Amino acid sequence: MNINLPIRHINIFEKHSKQKCILPQKSFPINVLPGSVAKCNEFICQIYSKNFISDICYMDDCCIEYYNNSLLHENSKVLTKLVILKKRQASAINLIIEITENFLLNCSEKITNEYIKNITLPVLWSLKLVSHCTIRTSKLKNIGIQSIEVSSNQEHNQDVYFVITEMTNLNVLDIRLKNILLKEVNYYSHGFQTVDEALQNIFNMSMKTAEMKSKRYLGPSANVLISGPSGCGKSCLVFEFIKKNNCNYFIITNNLLQRQQYPGQAEYTIRGIFEAVNKFISLKPKLPTIICFENIQLLCPVIKRSSTNDATGLMRIIGEVAYQLDEVFRSKNEILCVATTPSLEEVNPILRCAGRFQHELSIKMLTKKERYHLIESFIKHSKLLQNLNKVFLKEFECLCETIAKCTQGFVIADIIKFFKKFEKCLIYTDNVEMLAMAKKCLMEVKPASTINADISVIKSNQGFNVVGGMNDLKRLLEVTILAAFQQHKIFHKFGLHLPKGILLYGPPGCAKTTFAKCLAHEANMSFIAVSSAEVYSPYVGCAEKFISKIFDIARKHSPCLIFLDEIDSLVGRRDGSSADVQTRILSTLLTELDGIIDNLKNGFKDKQILVIAATNRPEMVDGALMRPGRFDKLIHVPAPDYESRISILKLRTKNMPLAADVSLDNIAINTNNFSGADICNICNEAAYKALSRNFNTDEITDDDFEYALQANQSSLSEEIINKYYDFESKFVK
């Protein structure tokens, strides 16, 4: 029978009614007695009629043929199908009972399958059931039973129902655990393939070991510690693994233990959870069981000697967790313990040993290819971006490529944050190109790893076009660095590899820092600038730790260019003239440089790290840094020659109103031995002179430049310039 009636819950109309469906009298089936059992959509109900003014039916949804959360939690649904069922006798019934964690924690009696079956019988006796149906009632929830799946051993027609009597043989087929903390999130597999496969292999090996333990015990040893940056999706990966393997699971979080007010309560809670796990295992569930520790570094942190606050309480908690993990290992139960943490170093080493968390998996930063596929998935699932306009289809690949290229160091949470901002901007802005809007949003969104860090990671927006002249130097950098990224196949055809480090030396003011920024932009690398003032610390060991932290952040934001400004003041030489802290920093820097791997050999050009250092005193840099394998190339950045000076003047005066009598060639001739910074200063002084003469002037005259040349001398001398050429002839062959 096909009908069309909106459904409302029966509690609105009639209290304490179970398994009842009340229909309007005019929609009630002809020749059907009131109280007959029918299948209303997927719900099993006894149907009755009432005189209603409106065409609405009231239904109790405690018994449903196919379990579906969306059917049970929607406020309204339309009744479209009604089938009258016939009664049949069922001699044997199988039950799959889903219990809650509170049931295990609060039940003081010894829990057995027989006990659970006895407390559910009073509810089942009063219901009309069909094979493969699910029951959810308030009485069961009060007991601690989330749902019961019922199936008959006998083959019945779909239009048949049965009731449970004293003669019916009940068999508890399986006991399952329902935990309401399971997060419903969209899962994207990009970036998780390696860790997911390793976790699955550990799990499968544990299950095989459990099958063999009757013959020979090998020990499950299946506890896993998963690490990765905050927001990379550790919890999402674990929950997806639980869903995929259909596991029963318990969750232990730091928030659960922070609620405890008195000493010893946290340990008591942990002990109670593990006792609940043991109770559950005694019920012999067919599905595997998992215990999840979220952010275990908050529960069991590394306790420093200087910390006295709550150290005793933390030690008790750490000892309790370690003891319970040992008990799980000794019990030979099929239990997998999984913990997540953003940093392995923050987890107490007591837990990182055999028998506890002996398997350690790490989620790496997303590569450009993984970011591309992730962004592609986000855009395809965004209704707003799909429905904006038809032009979007043409920009799709370009948009994905641009976002993936500009999101080095972004984790999944950062990319989601960017898309929320991107969509919000598109809603409130009309007639704007999506590509331009995406670039604007990318400039405003910073990855979470750099927000609270002392190290600034930027994306340079200046190319070689902002540097006047220096064509030979630009060509050298293009062949040495850019070719490795843009033409890496040809680069390796000649057996070449990207230098680990480059030392730029030359007179001050000749664009060494600018060249480093431009190179980062041309190679599409993240840029980290470091000076000695940032590195030095009054505390012993902090400077070396800061150097290691720089390289660690560079790996997360690779491909990345690390720029060490004034390296002579940072590390110095090991000839007795340098301070002890400079020697320690030099040792750390040498170790980190040796640890850089040429990922271009394996095609991982988005994993590369390049170190560029600049100095005005190359003779003060230790020789260990200037050997091949560390600073592979020593590049002289000279004072600009005549052609370069003309290019700098044209570039600097491009937006200046010059008079007709101004000759840039004459200015270039008169600025011999001037650095690029000196030439820019001459242009500024000429503009100031013109304004001081008359604020309403429209142009800068040749007299203004003559005045600027007379008032400002070069910061370089012939002796200083020749000193760098002498160094080049001695150390650069």
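Residues numbered from 1 in each chain as written. Predicted model: local features only at pLDDT ≥ 70, side-chain atom pairs only at ≥ 80, totals over all residues. Heavy atoms only, no water.

**Q** Is there a simple way to explain the overall build of the chain in this structure?
**A** Summing up its helical and strand segments, the chain has 28 helices and 24 strands in all. For the chain, the residues scored as buried account for 50% of the 733 residues in total. Within the chain, residue pairs in contact and separated by at least 24 positions form 78% of the contacts whose partners lie at least 6 positions apart. Summing over all exposed atoms, the chain offers an accessible surface of approximately 37300 Å²; the carbon and sulfur share of this is 50%. (Helix = DSSP H or I, 4+ residues; strand = E, 2+ residues; numbered from the N terminus. Buried < 20%, exposed > 50% of the residue type's maximum accessible area, 1.4 Å probe, protein only. Contact = heavy atoms within 4.5 Å. Areas by Shrake-Rupley, 256 points an atom, 1.4 Å probe, with all protein chains shown as cover.)

**Q** Looking at this model, I keep getting lost on the packing of aromatic side chains. Mind explaining?
**A** Any two aromatic rings considered together are summarised by their centre-to-centre distance and by the angle between their planes. Under the defined criterion, the tally for this structure stands at 14 aromatic pairs. With a centroid separation of 6.5 Å and 65 degrees between ring planes, the pair formed by F419 and F422 is classed as edge-to-face. Of the two residues, F419 and F422 both sit in helix α14 (residues 412-428), three residues apart, roughly one turn of that helix. Across this residue pair, the class does not change: F419 and F422 are buried. The structure contains a cluster of three or more aromatic residues connected by ring pairs, namely F378, F418, F419 and F422. (Phe/Tyr/Trp six-rings, centres within 6.5 Å; stacked < 30°, edge-to-face > 60°.)

**Q** What exactly am I supposed to notice about the environment of M620 here?
**A** Mapped onto the secondary structure, M620 falls in the loop between β23 (609-615) and β24 (631-636). Given a relative accessible area of 30%, M620 falls into the partly exposed group. In sequence terms M620 and V571 are 49 residues apart; their C-alpha atoms lie 9.0 Å from each other.

**Q** Before we go on, may I ask you to explain the sheet that holds strand β20 (residues 501-505) in this structure?
**A** Neighbouring strands of a sheet are bound in pairs by backbone hydrogen bonds; such pairs are parallel or else antiparallel. What the six strands build is an open sheet, ordered β19-β21-β22-β23-β20-β24; its pairing is mixed. Only two strands of the sheet have a single partner each, and these edge strands are β19 (457-458) and β24. Bridging between β20 and β24 involves five bridges; their strand directions are parallel. Bridging across to β24, L503 finds its partner in L634. (Pairing = 2+ DSSP bridges.)

**Q** Even after reading the chapter, I still don't get the side chain of D678, so can you show me in this structure?
**A** Mapping D678 onto the fold places it in helix α26 (residues 676-693). The buried charged residue D678 lacks any salt bridge, with R645 as its nearest oppositely charged partner at 10 Å. One polar contact links D678 to S675, side chain to side chain, over a distance of 3.0 Å. With near-sequence residues (within four places) excluded, D678 lies in contact with S714, S715 and L716. (Lys, Arg positive; Asp, Glu negative; His and termini not counted. Salt bridge = Lys/Arg side-chain N within 4 Å of Asp/Glu carboxyl O. Polar contact = N/O pair within 3.5 Å; in protein donor to acceptor, adjacent residues only side chain to side chain.)

**Q** I tried to follow the packing of α26 against helix α27 (residues 702-711) on my own but got confused; where do I start?
**A** Axis angle and axis distance: for two packed helices, these are the angle between their axes and the distance between the axes, and together they describe the pair. Running from N to C, α26 and α27 point in directions that differ by 125 degrees, and their axes come no closer than 8 Å. By the angle class used here, α26 and α27 are oblique. Where α26 crosses over α27, the handedness of that crossing is right-handed. Of the residues in α27, those in contact with I682, C683, E685, A686, K689, A690 and R693 of α26 are D704, F705, Y707, A708 and L709. (Axes fitted to C-alpha atoms, helices over the stretch in contact; angles between N-to-C directions. Parallel < 35°, antiparallel > 145°, perpendicular 65-115°, else oblique. Left-handed = near helix turned anticlockwise from the far one by under 90°.)

**Q** Would you explain helix α17 (residues 471-486) in this entry?
**A** Owing to its 3.6 residues per turn, the α-helix aligns residues three or four sequence positions apart on the same side. The first and last C-alpha atoms of α17 sit only 19 Å apart over 16 residues, clearly below the 22 Å expected at 1.5 Å per residue. Considering bend angle alone, the principal kink of α17 is centred on E478 and spans about 40 degrees. The set of residues buried in α17 consists of L473, K474, L477, T480, I481, L482, A483, A484 and F485. (Expected span 1.5 Å × (residues − 1). Bend = angle between axes of the 7 residues up to and from the residue.)

**Q** Mind showing me how you'd approach the environment of N712 here?
**A** Within the secondary structure, N712 sits in the loop between α27 and α28 (718-731). Spatially, the C-alpha atom of N712 lies 8.4 Å from that of N681, the residues being 31 residues apart in sequence. The residues contacting N712, other than those within four sequence positions of it, are F674, N681, I682 and E685. Here the side chain of N712 touches A708 through a polar contact of 3.0 Å, landing on its backbone oxygen.

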